[in-house]
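# Fold and geometry: a report
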Amino acid sequence: MNKGKSNIYSNGVDEGTMHLLVKASGMKRGTIHFRYLGVNISPKRLSVDDCTCLLEKITDRIKGVGAWRLSYAGRVVLIKSVYSTLHNYWARIFILPKTVLQQIARMCRRFLWYGTDNRESPALVSWENICKPKRKGGLGIKHLIWWNVAAIVKYAWWVFTKGPRTKIGLIIYLVRGQVGRGGSPDIAWHPWTSTRLIIPRHGFIVWLTAHKRLLTQDRLLRMGITQTNVCFLCGCNAETVEHLFFQCPFSSRCLELAATWLKIAPPDKGVMEWWVKQRARSLLLKQVIAVVLASLIYHVWMSRNKCRIEGIVPHPQQVVKRCKEETLLRIKCSGLE
Ligand SMILES: [Zn+2]
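Residues numbered from 1 in each chain as written. Predicted model: local features only at pLDDT ≥ 70, side-chain atom pairs only at ≥ 80, totals over all residues.

## Let's talk about the overall build of the protein chain
The helix and strand tally for the protein chain stands at 15 helices and four strands. For the protein chain, the residues scored as buried account for 25% of the 337 residues in total. Sequence separation of 24 or more characterises 59% of the internal contacts of the protein chain that already satisfy a separation of 6 or more. (Helix = DSSP H or I, 4+ residues; strand = E, 2+ residues; numbered from the N terminus. Buried ≥ 20, exposed ≤ 12 C-beta atoms within 10 Å, placed from the backbone. Contact = placed C-beta atoms within 7 Å.)

And the structure:
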């Protein structure tokens, strides 16, 4: 420890004792309040004004150079990075004002759906659902308020027990009173979005599909934006999520071709039931199947959008060829070949 660069601080210590401590330590006496690594150190609870610089930093980060160009998946990564910095330097040390945490969550929510645009419109999926773990159908973004409380409780636990640091996930469960209740069940499709091999932009579209929040024709008709709900790819059925990705002759043919390539039986009933059957397979094959499924869903959605704009239905073989190329490249880059 460099005594020349260190100060000694006290609170509730009488002057005589403090004088002895300063003399014995050889350090200068510092005064509270001060800043350390950009964080305001204070014996009192932080006010909203104390957090102004934090809000400015987060705003600069999410509106920084190139942020407007990010895909949905890229924005999720940036939001997680911002949250990580917040936890490491602020939320682990102080209980931040609820207003500030709500403001940060609002900024991140707006950024996720509308980028650097300042629009305030309804989101496709609620922030509450986004903040759930991936296994429970969320994107694994932390719930700021609970995370902040849990981080502080974790330190208090450690100080009073002097035992090993408890996992923060357990603390969150304790704080929220969820121990024993079991929580909500895992979501069957979560490997399609959270498997490491899946291309993030594919995973995000799958996640929206699973939540039934893609703007398919049936939703657009209900919203009064379009006059018809007919599927663009087959032209003879209502375009719902179930139809577009799992029942449409176009996507069914894509699934068959992909299954032939993977040397597995194609889905005979529902894709979800078929996926459950794949659990008995090796971990690598399950991951590859998940990557192909996510890629198919992404490219069926892109084909549908292209068809909506240009009126041209691509051939299923083109879609599967693209899926194959992307999957093989992904496997090669991950070193699993
Ligand atoms: Zn169709």
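Structure's up, so let's keep going.
## Focus on the environment of Tyr9
Tracing the backbone through its elements, the reader meets Tyr9 in the loop between β1 (7-8) and α1 (15-25). A sequence separation of 24 residues divides Tyr9 from His33, and the C-alpha atoms of the two residues are 9.9 Å apart. With near-sequence residues (within four places) excluded, Tyr9 lies in contact with Gly30 and Ile32.

## Comments concerning helix α12 (residues 249-262)
With 14 residues, α12 should cover 20 Å at 1.5 Å per step; its first-to-last C-alpha distance of 20 Å lies within 8% of that length. Burial in α12 covers these residues: Phe250, Ser251, Cys254, Leu255 and Ala258. All buried residues of α12 project into a common sector of 135 degrees when viewed along the axis, lining one side. Tucked into the core, α12 has its buried residues touching α11 (241-247), α14 (283-310) and α15 (316-334). Within two residues after α12, Lys263 carries a phi angle of roughly 60 degrees, on the positive side. (Expected span 1.5 Å × (residues − 1). Arc of directions from axis to C-beta.)

## Here we look at the nonpolar core
Of all hydrophobic cores here, the largest spans 58 residues; its most connected members are Cys254, Val292, Leu293, Ala294, Leu296, Ile297 and Val300. If one sorts the elements of this core by residue count, α14 sits on top with 12 residues. Both domains that furnish three or more residues to this core are identified here as domain 2 (45-185) and domain 3 (190-334). Not counting the four nearest positions on each side in its chain, Cys254 is found in contact with Leu296, Val300, Pro316, Val319 and Val320. (Core = buried A, V, L, I, M, F, W, Y, C linked by C-beta atoms within 7 Å. Domains from an automatic or database assignment.)

## Here's the deal with the packing of α12 against α14
Viewed as axis vectors pointing N to C, α12 and α14 meet at an angle of 155 degrees, and their least axial separation amounts to 11 Å. With respect to each other, α12 and α14 are oriented roughly antiparallel. For the pair α12 and α14, the sense of crossing is right-handed. Counted together, Ser251, Cys254, Leu255, Ala258 and Leu262 of α12 and Val288, Ile289, Val292, Leu296 and Val300 of α14 form the full contact between these two elements. Looking at the contact of α12 with α14, its residues break down into nine nonpolar, one polar and no charged. (Axes fitted to C-alpha atoms, helices over the stretch in contact; angles between N-to-C directions. Parallel < 35°, antiparallel > 145°, perpendicular 65-115°, else oblique. Left-handed = near helix turned anticlockwise from the far one by under 90°. Nonpolar A, V, L, I, M, F, W, Y, C, P; charged D, E, K, R; others polar.)

## Notes on helix α4 (residues 98-114)
Within an α-helix, residues lying three or four positions from one another point in the same direction, as the helix has 3.6 residues per turn. End to end, α4 covers 24 Å across 17 residues, agreeing with the expected 24 Å (1.5 Å per residue, within 8%). Taken as a whole, α4 has its buried residues at Val100, Leu101, Ile104, Ala105, Cys108, Phe111 and Leu112. Down the axis of α4, the sector holding all buried residues measures 135 degrees, keeping them to one side. Exposed residues pointing more than 90 degrees away from the buried face of α4 are listed as Lys98, Thr99, Gln102 and Arg106. Following α4 by one or two positions, Gly115 has its phi on the positive side, about 65 degrees.

## Digging into unusual backbone geometry
At Lys212, a position not held by glycine, the phi torsion is positive, near 55 degrees. In this fold, Lys212 is placed in the loop between α9 (200-210) and α10 (217-222). For Lys212, a count of 14 C-beta atoms within 10 Å puts it in the partly exposed group.

## Here's the deal with the packing of helix α2 (residues 52-62) against helix α3 (residues 72-91)
Running from N to C, α2 and α3 cross one another at 155 degrees; their axes reach a closest spacing of 10 Å. On the basis of their axis angle, the class for α2 and α3 is roughly antiparallel. In this structure, α2 meets α3 at a crossing whose hand is right-handed. Of α3, the residues touching α2 (which contributes Leu54, Ile58, Arg61 and Ile62) are Leu78, Val82 and Trp90. When grouped by side-chain class, the residues that make up the contact of α2 with α3 number six nonpolar, no polar and one charged.

Note that every value here comes from positions in space, so none of it alone points to a role or purpose.
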